[in-house]
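# Topology and contacts: notes
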Amino acid sequence: MIISLELDSETPLYEQLFNQIVIGIASGRLAPGERLPAVRQLADELGINMMTVNKAYTLLKQQGYIVIDRRHGAQIRTRFETADALPPSLEKQLALIIAQAKIHGIGQNRFAAICQRLYSELSQSP
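In this report, the structure presented in the accompanying data block is examined. Keep in mind that this is a model prediction, so the values were computed, not measured. (Residues numbered from 1 in each chain as written. Predicted model: local features only at pLDDT ≥ 70, side-chain atom pairs only at ≥ 80, totals over all residues. Heavy atoms only, no water.)

This next bit is on the nonpolar core. Ranked by size, the top nonpolar core spans 19 residues in total, and within it L17, I21, L36, Y57 and I66 carry the most contacts. Of all the secondary structure elements, the ones that give two or more residues to this core are helix 1 (13-27), helix 2 (39-46), helix 3 (50-62) and strand 2 (73-76). Apart from the residues lying within four places of it in its own chain, the contact partners of Y57 are I21, L36, P37, V39, L42, I66, I68 and A74. (Core = buried A, V, L, I, M, F, W, Y, C linked by side-chain atoms within 4.5 Å. Buried < 20%, exposed > 50% of the residue type's maximum accessible area, 1.4 Å probe, protein only. Helix = DSSP H or I, 4+ residues; strand = E, 2+ residues; numbered from the N terminus. Contact = heavy atoms within 4.5 Å.)

With that settled, the discussion passes to the side chain of S27. Tracing the chain through its elements places S27 in helix 1. In terms of polar contacts, S27 uses its side chain to reach the side chain of R29, at 3.3 Å. (Polar contact = N/O pair within 3.5 Å; in protein donor to acceptor, adjacent residues only side chain to side chain.)

A few words on the pairing of strand 2. Pairing between strand 1 (residues 66-69) and strand 2: four bridges, direction antiparallel. When the sheet's bridge partners are listed, D69 is paired in strand 2 with G73. Here strand 1 folds back onto strand 2 in antiparallel fashion, the turn holding three residues. (Pairing = 2+ DSSP bridges.)

Turning our attention to the packing of helix 1 against helix 3. In contact at an axis separation of 8 Å, helix 1 and helix 3 are set at 45° when each is read in the N-to-C sense. One way to sum up the angle between helix 1 and helix 3 is to call them oblique. The two elements helix 1 and helix 3 cross, and the hand of that crossing is right-handed. Across the interface between the two elements, L13, Y14, L17, F18, I21 and V22 from helix 1 touch T52, V53, K55, A56, Y57, L59 and L60 from helix 3. Considering only residue class, the contact of helix 1 with helix 3 consists of 11 nonpolar, one polar and one charged. (Axes fitted to C-alpha atoms, helices over the stretch in contact; angles between N-to-C directions. Parallel < 35°, antiparallel > 145°, perpendicular 65-115°, else oblique. Left-handed = near helix turned anticlockwise from the far one by under 90°. Nonpolar A, V, L, I, M, F, W, Y, C, P; charged D, E, K, R; others polar.)

Next comes the structure, spelled out in structure tokens:
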């Protein structure tokens, strides 16, 4: 697993780590059932505090992306339920992104094209 954190970014490190793991799952770079590094190991590899990794793992577990048990550590969930609609929290996040795009002059068709391109890129990864 290759993680690249921007230490000078305004985005908190735990959020960057969370985002990269979610993208890794969506793109297939992280397979269902794949083990994630132990908190201490990943913190050492990235040169960050263990609590930062722990916070990212906790959020990933709370949102159902990983499972954690004492014997096997953190693993990518083996099955994800499919849905016809976004969960309300994701819909709120998407509404904010749409609002920001609209403020910057991105029209509906251009926004849809950007979304389609990004979705395709995620689908073609590993």
